Amino acid sequence: MKNVVYFDLETQKSADEVGGWNKISAMRMSVGVTYSVVRGEYKIYDEKHVDDLLAELQRADLIVGFNHVRFDYEVLHAYTPLDLRQLPSLDMLIELQNTLQHRLSLDSIASATLGVEKTAEGLQAIKWFQEGRMLDIAEYCCYDVKLTKLVHEHGARHKQLHYNNKFGKKQTVAVSW
């Protein structure tokens, strides 16, 4: 069985707090979550266990995420000399952006395709970090990983996803994963 690992992380700081989007690695990880198809379970990592997260990602046959190549990997580059972009990855945002020529949110895809929405957003997770609410961050991040997994599986099964465009109209996009 192929070890597909679904992955997402949340940060301690916002882009504004670190001086802009060109300093993503300075945002630091608060919580990272994986779901391994081989294990059949979620695993939650705090910053103290980032090396264990990095080891799991390196063992994966494929890492699936949403904007993880440009964002999450860049956050993790603060913790490792390895170029994580070399890992076998399927970044659904990049794939969809290449097809549509514009960016979509995971929420737009999940709500139009699956009828479910995210429970919060990244800035809320940063606020929770400042308040020491690590369990809330872990729960939110787990749910994002679950949405990522469900969207990926739907696309693999049906070879298409749906999204709501900026006017709220439901659109369909073909996928080839």
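Conventions adopted
Once a new chain begins, its residue numbering starts again from 1 and follows that chain's sequence as written. Only residues with pLDDT of at least 70 are given local features in this predicted model, and only at 80 or more are side-chain atom pairs given and counted; all residues enter the totals for whole chains, interfaces and linings. Working from all heavy atoms in the structure, the side-chain values ignore hydrogens and water. Starting at the N terminus, helices and strands are each numbered in turn, a helix being any DSSP run of H or I of at least four residues and a strand any DSSP run of E of at least two. Radius of gyration here is computed from C-alpha atoms only, and the compact-globule reference equals 2.2 Å multiplied by the residue count raised to the power 0.38. Only protein chains enter the accessibility calculation, which uses a 1.4 Å probe. A residue is then buried if its area is under 20% of the maximum for its type, exposed if over 50%, and partly exposed in between. The criterion used for residue contact is that any of the two residues' heavy atoms lie within 4.5 Å. His is not counted, nor are the chain ends, whereas Lys and Arg count as positive and Asp and Glu as negative. Charged groups are reduced to one reference atom each: NZ for lysine, CZ for arginine, CG for aspartic acid, CD for glutamic acid. Strand pairing requires that DSSP identify at least two bridges connecting the strands. Inter-axis angles, ranging from 0 to 180 degrees, are taken between N-to-C directions of lines fitted to C-alpha atoms, where helices are fitted over the stretch in contact. We call Phe, Tyr and Trp rings a pair once their centres come within 6.5 Å, taking the six-membered ring for Trp, and we label the pair stacked below 30 degrees between planes, edge-to-face above 60, and tilted otherwise. Throughout, nonpolar core names a set of buried Ala, Val, Leu, Ile, Met, Phe, Trp, Tyr and Cys residues whose side chains join them through atoms within 4.5 Å.

Moving on to the overall build of the protein chain. Helix and strand counts for the protein chain come out as seven helices and seven strands. Going from N to C terminus, the protein chain has its helices and strands arranged as β-α-β-β-α-β-α-β-α-α-α-α-β-β. Relative to its length of 177 residues, the protein chain is compact, with a C-alpha radius of gyration of 16 Å against a globular reference of 16 Å. Across its three principal directions, the C-alpha atoms of the protein chain cover 40 × 40 × 30 Å. For the protein chain, buried positions account for 49% of its 177 residues. Counting only contacts in the protein chain whose residues sit at least 6 apart along the sequence, the fraction spanning at least 24 positions is 61%. Side chains of the protein chain carry 21 positive and 24 negative charges; the gap between the two charge centres is 5 Å.

Our next topic: the environment of Thr11. With respect to the helices, strands and loops of the structure, Thr11 is situated in strand β1 (residues 4-11). Separated by 20 residues in sequence, Thr11 and Val31 have C-alpha atoms that sit 7.0 Å apart. If we ignore the near neighbours within four places in the chain, the residues touching Thr11 are Met27, Arg28, Met29, Ser30, Phe71, Val75 and Ile126.

With that settled, consider the sheet that holds strand β5 (residues 89-91). Read across the open sheet, the five strands follow the order β3-β2-β1-β4-β5; overall the sheet is mixed. Two strands in the sheet have a free side with no partner beyond their single neighbour: β3 (41-46) and β5. Ignoring which end each strand starts from, the neighbouring axes of this sheet average 25° apart. Alignment of strand β4 (residues 62-65) against β5, held across three bridges, turns out to be parallel. Bridging from a neighbouring strand, Val64 pairs with Leu90 of β5. Across the face of the sheet, helix α7 (residues 134-158) comes into contact with β1, β2 (29-36), β3, β4 and β5 while running at roughly 140° to β1.

This model, assessed by the stated rule, comprises four aromatic pairs. Centroid distance Trp128 to Tyr140: 6.3 Å. Interplanar angle 75°. Geometry classified as edge-to-face. With a gap of 12 residues between them, Trp128 in helix α6 (residues 122-130) and Tyr140 in helix α7 connect regions that are remote in the sequence. A relative accessible area of 12% places Trp128 in the buried class.

Once that is clear, we can look at the nonpolar core. Core analysis: the largest hydrophobic core is formed by 32 residues, its most contacted members being Val64, Phe66, Met92, Leu96, Ile109, Val151 and Leu161. Sorting the residues of this core by element identifies β1, β2, β4, α4 (92-100), α5 (106-114), α6, α7 and β6 (160-164) as the ones contributing at least two each. For this core, the element with the highest residue contribution is α7, accounting for eight residues. Dropping the residues within four chain positions of it, Val151 is found in contact with Met92, Leu106, Ile109, Ala110, Leu114 and Leu161. Core analysis: the next-biggest nonpolar cluster, separate from the first, contains 24 residues, Phe7, Leu53, Ala60 and Ile94 among them.

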